[in-house]
Amino acid sequence: MARGKKIYEGKAKILFEGPEPGTIVQYFKDDATAFNAEKKDVIDGKGVLNNRLSEYFMTGLNQIGVPTHFLKRMNMREQLVRACEIIPLEVIVRNFAAGSMSTRLGIEEGTQLPRPIVEYCFKDDSLGDPLVTEEHIAAFGWASQQDMDDILGLALRVNDFMSGVMYGVGIRLVDFKIEIGRVYDGDFQRLVVADEISPDSCRLWDMETGRKLDKDVFRRDLGNLTDAYAEVARRLGVMPKGTGPQKPTLVN
Ligand code: UDP
C-alpha cells in the first residue's frame, strides 16, 4: 500500500496520513532519546517491541471501556490510529517515587506513595516539559475544567489497568506518562488516550529483583534496552517463550 504523506516526525515515531480521512499511521522508530534528546542512540528492535506493546495495552484499554486512539496494528512497525488534536500536556501518574519526583522532593526512589499522584507537564521540548499546575492549564486555555475532570478520570483508569496487568506478570508499575487527544464525532468532542503506552513511557520494575525493565536502562546505562523490553513482552505473552531477545518475533 502506498504510504501517505509524512505529517510529523518526533523522537521515537513518525506520523503519516492514514488510508481514510481521520486516520493516521504511527511508525515506531528504533531511536532512543533521553534528557531532552541530549543522549541519543539507535536500539535495534525497540520500535517493533513498542509497536506491539502499545497495541497490547491500548487494545486492553479499549476493551474495558477506556477510549484510546488505537484502531489496529498494520505491521511490525506501524499502527493505524484515529487522528486527534493532542492536548499539550504530559499526564504523569506515580505510584512509587522515582525520577524527577525523587529529585525534586528528596524522596528515595521506590518509596510507595500514599495514593497515586497525578502531575501535568507542559509539552514543550524547548522548555524541557516543565511541571505546571491546573491553574496554568486553565489560565492558558490548554484544557477546560471539564477536560481536566475527564483527563484525571482517564489517567486513574489507565493506572488501575496498567498496574493490574503488570502485577499479573510480576512487574511493579512505578509511574507512567500518557498523552490525551481530542477527537470529534460530529458536533461532539471527546477525549481519548493517544500517543503510545510502552516501556519508553513507563517505569517498570521486576517485583522480586527490582530489575528495571524500562527506558531507565538506556537513561542510566544499565544494560541492553531491547532485552528489557523483550522481557516485558515475553511475560505478557506478546512474544513466544524462547524467542531470543535480539530478534523479537511477533505472535499474531
Ligand atoms: N516520561 C515520558 N516522557 C517524558 C517525561 C517523562 O515518557 O518526556 C515518563 C517517564 O518514562 C516516567 C514518568 O513519565 O515513567 C515520570 O518521569 P519523570 O518525571 O520522573 O522524568 P524523568 O526522571 O524520566 O526525567
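Just above sits the structure.
Our subject in this report is the structure included herewith. Residue numbers here run from 1 along each chain, matching the order of that chain's written sequence. With pLDDT at 70 or above as the cut-off, local features in this predicted model cover only qualifying residues; side-chain atom pairs require 80 or more to be listed or tallied, and sums for whole chains, interfaces and linings still use all residues. Excluding hydrogens and water, the side-chain figures rest on all heavy atoms present in the structure.

Side note on unusual backbone geometry
No. 1: Its identity as a non-glycine residue notwithstanding, Phe35 has a phi of 50°, on the positive side.
No. 2: When you line up the elements, Phe35 lands in the loop between strand S4 (31-34) and strand S5 (39-42).
No. 3: Its relative accessible area of 48% is what places Phe35 among the partly exposed residues.
No. 4: At Asp129, a position not held by glycine, the phi torsion is positive, near 45°.
No. 5: Strands are runs of DSSP state E lasting at least two residues, helices are runs of H or I lasting at least four, and both sets are numbered from the N terminus onward. Along the chain, Asp129 turns up in the loop between strand S10 (112-122) and strand S11 (131-132). Using a 1.4 Å probe on the protein chains alone, a residue whose accessible area is under 20% of its type maximum counts as buried, one over 50% counts as exposed, and one in between counts as partly exposed.

Quick look at the site of the ligand
No. 1: Taken together, 15 residues lie around the ligand, and Arg94, Ser100, Asp175, Arg203 and Arg219 are the ones closest in.
No. 2: Between the ligand and the protein, one listed contact pairs an oxygen atom with a side-chain N or O atom of Asp129 at 3.5 Å.
No. 3: Working definition of accessibility: Shrake-Rupley area with a 1.4 Å probe, residue cover restricted to the visible protein chains. Contact with the protein chains covers 77% of the free accessible surface of the ligand, which is 510 Å².
No. 4: Elements supplying a minimum of two residues to the shell around the ligand: strand S9 (89-96), helix H2 (99-105), strand S12 (171-185) and strand S14 (202-206).
No. 5: Considering only residue class, the shell around the ligand consists of 4 nonpolar, 3 polar and 8 charged. Whether a residue is near a molecule or strand is decided by its heavy atoms; if any one of them lies within 4 Å of it, the residue is near. Here a polar contact is recorded for every N or O atom pair within 3.5 Å, except that within protein the pair must consist of a potential hydrogen donor and a potential acceptor, and residues adjacent in sequence are included only if both atoms are side-chain atoms. Following the grouping adopted for this structure description, the nonpolar residues are Ala, Val, Leu, Ile, Met, Phe, Trp, Tyr, Cys and Pro, the charged ones are Asp, Glu, Lys and Arg, and the polar ones are all others, Gly among them.

Observations concerning the state of the cysteines
Linking two cysteines covalently via their sulfur atoms produces the bond known as a disulfide.
No. 1: In this description, the term disulfide denotes a pair of cysteine sulfurs within 2.5 Å. Per the stated rule, a full pass over the model turns up 0 disulfides.
No. 2: In this model Cys121 remains outside any disulfide bridge; the closest cysteine sulfur is found in Cys202, 15 Å from its own.
No. 3: By relative accessible area, which is 9% here, Cys121 ends up buried.
No. 4: We classify Cys202 as buried; its relative accessible area is 4%.

Notes on the environment of Asp227
No. 1: Checked against the element boundaries, Asp227 lands in helix H6 (residues 225-235).
No. 2: Once the C-alpha coordinates of Asp227 and Gly45 are considered, the two residues, 182 residues apart in sequence, prove to be 9.6 Å apart.

Focus on the packing of helix H1 (residues 46-63) against H6
No. 1: In this description, a line fitted to the C-alpha atoms serves as the axis of each element, helices being fitted only across the stretch in contact, and the angle between N-to-C directions of two axes falls anywhere from 0 to 180 degrees. Contact pair H1 / H6: the axes reach a minimum separation of 10 Å and the direction vectors enclose 25°. Judged on the interaxial angle alone, H6 and H1 are roughly parallel. In the crossing of H1 with H6, the sense of the turn from one axis to the other is left-handed. Where H1 approaches H6, its residues Lys46, Leu49, Asn50 and Leu53 are matched on the opposing element by Leu225, Thr226, Tyr229, Ala230, Val232 and Ala233.
No. 2: Broken down by class, the residue content of the contact of H1 with H6 amounts to 7 nonpolar, 2 polar and 1 charged. To sort the angles, those under 35 degrees are grouped as roughly parallel, those over 145 as roughly antiparallel, those from 65 to 115 as roughly perpendicular, and the leftovers as oblique. Crossings are assigned a handedness: left-handed for a near helix turned anticlockwise from the far helix by less than a right angle, right-handed for a clockwise turn. Throughout, a contact is declared for two residues whenever any of their heavy atoms are within 4.5 Å.

Structural notes on the pairing of S10
No. 1: Only strands joined by at least two bridges in the DSSP assignment are considered to pair. In the sheet, S9 pairs with S10 via 7 bridges, with the strands oriented antiparallel. Looking at S10, one finds that Ile92 is bridged to Glu119.

Looking at the pattern of salt bridges
Side chains bearing opposite charge may pair, as long as their charged atoms lie close to each other.
No. 1: Salt bridges, as used here, are contacts in which a Lys or Arg side-chain nitrogen is within 4 Å of a carboxyl oxygen on Asp or Glu. Scanning the model with the defined rule gives 31 salt bridges in all.
No. 2: Note that Lys11 and Asp125 form a salt bridge whose closest N and O atoms lie 3.3 Å from each other. Taken together, the residues Lys11 in the loop between strand S1 (6-9) and strand S2 (13-17) and Asp125 in the loop between S10 and S11 connect sequence positions 114 residues apart.
No. 3: The exposure class of Lys11 is partly exposed, given its relative accessible area of 35%.
No. 4: Glu85 serves as the salt-bridge partner of Arg182, at 3.6 Å between the closest nitrogen and oxygen. Highlighted residues: Arg182 in strand S12 and Glu85 in strand S8 (residues 85-86), separated in sequence by 97 residues.
No. 5: In the salt-bridge network here, residues are joined through shared partners; they are Arg94, Arg104, Glu109, Glu119, Asp175, Arg203, Asp216, Arg219 and Arg220.

Description of the pairing of S12
No. 1: The element S12 is largely enclosed, with a buried count of 12 among its 15 residues.
No. 2: Sheet topology note: the S8/S12 ladder contains 2 bridges and is antiparallel. If you follow Ile86 over to S12, its bridge partner there is Gly181.
No. 3: In this structure, S9 lies alongside S12, joined through 4 bridges in antiparallel fashion. By the bridge assignment, Val93 is partnered in S12 with Phe176.
No. 4: Pairing of S12 with S14, which is carried by 5 bridges, proceeds in the antiparallel orientation. Counterpart to Ile171 in the pairing with S14 is Asp206.
No. 5: Two elements, S12 and strand S13 (residues 188-194), share 7 bridges in a ladder whose sense is antiparallel. Paired with Ile180 across the two strands is Val193, which belongs to S13.
No. 6: Counting the residues that bridge the hairpin from S12 to S13 gives 2 residues, and of these Gly186 lies at a positive phi of roughly 60°.

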